[in-house]
Amino acid sequence: MSGITFSKINLANLIDHHIALLERFGLKEESPFSLIFFTLEDKKEIDALEIFQRILRRTDALFNHVNHYVVMLTGTDWNGATELLSGIQDFLDQEAQDNIVTYPDDGENSETLIRKLREIVEDNTNVTSELLM
């Protein structure tokens, strides 16, 4: 396994590209994906990028800015995203928080999905991340 890391400026573009592929091949309703958010604000000593690149699948996309991370989990519904995020938060010894949005349930495009994730993260963690702007 090896998640692929992208620049934070590519988050919206990759989401919209993935949605376009799902629509092109008629998989919109059959192939959900999820976005999860977690932060390492209190764990600066961890080389998270390398760790998370190793545990994520090659089809997962990892975005980060400073100590904030968003992972796009392709072919993963809310239940699968919850399981992965819970494992990450447990590994980081953090309180479990539901910082997750899924396509198409929470939005039909990158703008809506990112906005909703930003609102969830701000409500759950009081963190405002440039990654979600």
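All values derive from a computational prediction rather than experimental measurement.

Asks: Even after reading the chapter, I still don't get unusual backbone geometry, so can you show me in this structure?
Replies: Across the chain, the bulk of peptide bonds are trans and the bulk of non-glycine residues have phi less than zero. Of the consecutive residues Tyr 103 and Pro 104, the connecting peptide bond is found in the cis state with omega at 5°. By the secondary structure assignment, Pro 104 is in the loop between strand E5 (100-103) and helix H4 (110-125). Although it is not a glycine, Asp 93 adopts a positive phi angle of roughly 60°. Relative to the helices and strands, Asp 93 resides in the loop between helix H3 (78-91) and E5. One non-glycine residue, Asn 126, lies in the positive phi region at around 60°. Take Asn 126: it is sitting in the segment after H4. Owing to a relative accessible area of 72%, Asn 126 belongs among the exposed residues under this scheme.

Asks: Is there a simple way to think about the side chain of Gln 89 in this case?
Replies: Within the secondary structure, Gln 89 is located in helix H3. Excluding residues that lie within four positions of it along the chain, Gln 89 makes contacts with Gln 94, Glu 95, Ala 96, Gln 97 and Asn 99.

Asks: Would you mind going over the packing of helix H1 (residues 11-24) against H4 with me for this structure?
Replies: The axes of two packed helices give the description: the angle between them and the distance between them. Their axes nearest at 9 Å, the elements H1 and H4 cross at an angle of 125°. By the angle class used here, H1 and H4 are oblique. Once H1 is placed against H4, the crossing between them reads as right-handed. Listed contacts from H4 to Leu 11, Ala 12, Ile 15, Asp 16 and Ile 19 of H1 are Ser 110, Leu 113 and Ile 114.

Asks: Explanation requested: H1 in the structure shown.
Replies: Structural remark: α-helix, 3.6 residues per turn; residues separated by three or four positions point the same way. Its 14 residues give H1 an end-to-end C-alpha distance of 20 Å, which sits within 8% of 20 Å, the value for a rise of 1.5 Å per residue. Inspection of H1 places Leu 11, Ile 15, His 18, Ile 19 and Leu 22 among the buried residues, and these make up the whole buried set. Down the axis of H1, the buried set is contained in an arc of 100°. They therefore lie on one face. Of the exposed residues in H1, those oriented more than 90 degrees away from the buried face are Asn 13 and Arg 24.

Asks: Help me out: how do you make sense of the pairing of E5 in this one?
Replies: On a regular strand, one side chain projects to one face of the sheet and the next to the other, so that they alternate. Here E5 shows two buried faces, one formed by Ile 100 and Thr 102 and the other by Val 101 and Tyr 103. In terms of strand pairing, strand E2 (residues 33-39) meets E5 through four bridges, oriented antiparallel. Following the sheet pairing, Leu 35 is matched in E5 by Val 101.

Asks: Whenever I open this one, the pattern of salt bridges confuses me. Can you help?
Replies: One side chain can pair with another of opposite charge once the charged atoms of both are near each other. Following the criterion strictly, the structure yields five salt bridges and no others. In this structure, Lys 116 engages Asp 106 in a salt bridge whose closest nitrogen and oxygen atoms are separated by 3.2 Å. A residue pair is termed long-range when its members are at least 10 positions apart, and Lys 116 in helix H4 and Asp 106 in the loop between E5 and H4 qualify at 10 residues.

Rules of the game
- Residues numbered from 1 in each chain as written.
- Predicted model: local features only at pLDDT ≥ 70, side-chain atom pairs only at ≥ 80, totals over all residues.
- Heavy atoms only, no water.
- Helix = DSSP H or I, 4+ residues; strand = E, 2+ residues; numbered from the N terminus.
- Buried < 20%, exposed > 50% of the residue type's maximum accessible area, 1.4 Å probe, protein only.
- Contact = heavy atoms within 4.5 Å.
- Axes fitted to C-alpha atoms, helices over the stretch in contact; angles between N-to-C directions.
- Parallel < 35°, antiparallel > 145°, perpendicular 65-115°, else oblique.
- Left-handed = near helix turned anticlockwise from the far one by under 90°.
- Expected span 1.5 Å × (residues − 1).
- Arc of directions from axis to C-beta.
- Pairing = 2+ DSSP bridges.
- Salt bridge = Lys/Arg side-chain N within 4 Å of Asp/Glu carboxyl O.

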